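Structural overview
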Amino acid sequence: MENCMVLEWDHIEMNFRSYDNITGQSIVGCKAILVGDQVFVVVAQLFGGSHIYKYDESWTKFVKFQDIEESRISKPNDIELFEIDSEMFFVIADSSKAGLSTVYKWNNKGFYSYQSLHEWFRDTDAEFLDIDGKSHLILSSRSQVPIILQWNKASKKFVPHSEIPNMEDVLAVKSFRMQDNLYITLTRFIGDSRVMKWNSKQFVEIQALPSRGAMTLQPFSFKNNYYLALGSDYTFSQIYQWDGEKKIFRLFKEIYVQAPRSFTAVSTDRRDFFFASSFKGNTQIFEHIIIDLSL
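Residues numbered from 1 in each chain as written. Predicted model: local features only at pLDDT ≥ 70, side-chain atom pairs only at ≥ 80, totals over all residues. Heavy atoms only, no water.

1. Let's talk about the domain arrangement of the protein
For the protein, the domain assignment lists domain 1 (1-119) and domain 2 (165-294). The gap between the C-alpha centroids of domain 1 and domain 2 is 24 Å. At the junction of domain 1 and domain 2, the tally comes to zero salt bridges. Split into classes, the residues belonging to the side of domain 1 that touches domain 2 amount to four nonpolar, one polar and no charged. (Domains from an automatic or database assignment. Salt bridge = Lys/Arg side-chain N within 4 Å of Asp/Glu carboxyl O. Nonpolar A, V, L, I, M, F, W, Y, C, P; charged D, E, K, R; others polar.)

Written out as structure tokens, the structure is:
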């Protein structure tokens, strides 16, 4: 729809209303970044280059702040935000054949390209995670298994560390923590998407989930309820809930969203919501409610 919509919770009407609209060409992702009291939005586009917008209080809207050079990012697929030693970074995964996934760093005036990760691999996703106290990035690609990069404290750059074997053609990687354990989800469009757990040496598979046109397998939680949302372009998307006794995710609910591209948990002060963005239809907002059946 060539826009990036900013929504605001209306405490009187008790719903989300449109607050601002950032327009662009073939926008594939919008990522909000908080730097101190400043709010930025990285807008990744397939055409016309990608841009960074900044919230202007006097205009109460987002205004263009900076361009991201087109020569580096030609087909962005994902934006991932992270912080290392109190410094702010984001990485854009580039999925074009000549793509160059790039890390950008905040230097108090703007974001500048800091490190090119690797080229020619058609990267689909980047996920930042802390493994045993060390900063890592996992990059998934169309043309190789996911690789794990580790932050080198001396050079202050990411260096290749290891890979996740037997997982070709992964579209997305997400991480989450549950009871002090680190997990990742690996999304495959067709075949089995996987849930893996870190065992202090490597990631090991704990569960395979059959995928039918999945672009995302998103972990989320509300209080002590842990879920996975597995999207589908062909049928119902599935919500799984963690079974603490059996130590697996069980099918909890099916929802219909046309071509879901992302799932996001959002909480206000009293209520919990679940956003499902759609490539073909409307974005849908679900509410998470807990019903006491003991009465």
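Here the narrative resumes, following the displayed structure.
2. Quick notes on the environment of Lys31
Relative to the helices and strands, Lys31 is located in strand β3 (residues 27-35). Using a relative accessible area of 28% as the deciding quantity, one classes Lys31 as partly exposed. As a C-alpha pair, Lys31 and Ile290 span 259 residues in sequence and 30 Å in three-dimensional space. When near neighbours in sequence (up to four residues on either side) are disregarded, Lys31 contacts Phe40, Val41, Val42, Ile79, Glu80 and Leu81. (Helix = DSSP H or I, 4+ residues; strand = E, 2+ residues; numbered from the N terminus. Buried < 20%, exposed > 50% of the residue type's maximum accessible area, 1.4 Å probe, protein only. Contact = heavy atoms within 4.5 Å.)

3. Structural notes on the state of the cysteines
The full count for this structure, using the stated rule, is one disulfide. Two residues share a disulfide in this structure: Cys4 and Cys30, whose sulfurs sit 2.3 Å from each other. One end of the pair, Cys4, is in strand β1 (residues 3-10); the other, Cys30, is in strand β3, with 26 residues separating them in the sequence. Looking at Cys30, the relative accessible area reads 34%, which means it is partly exposed. (Disulfide = S-S within 2.5 Å.)

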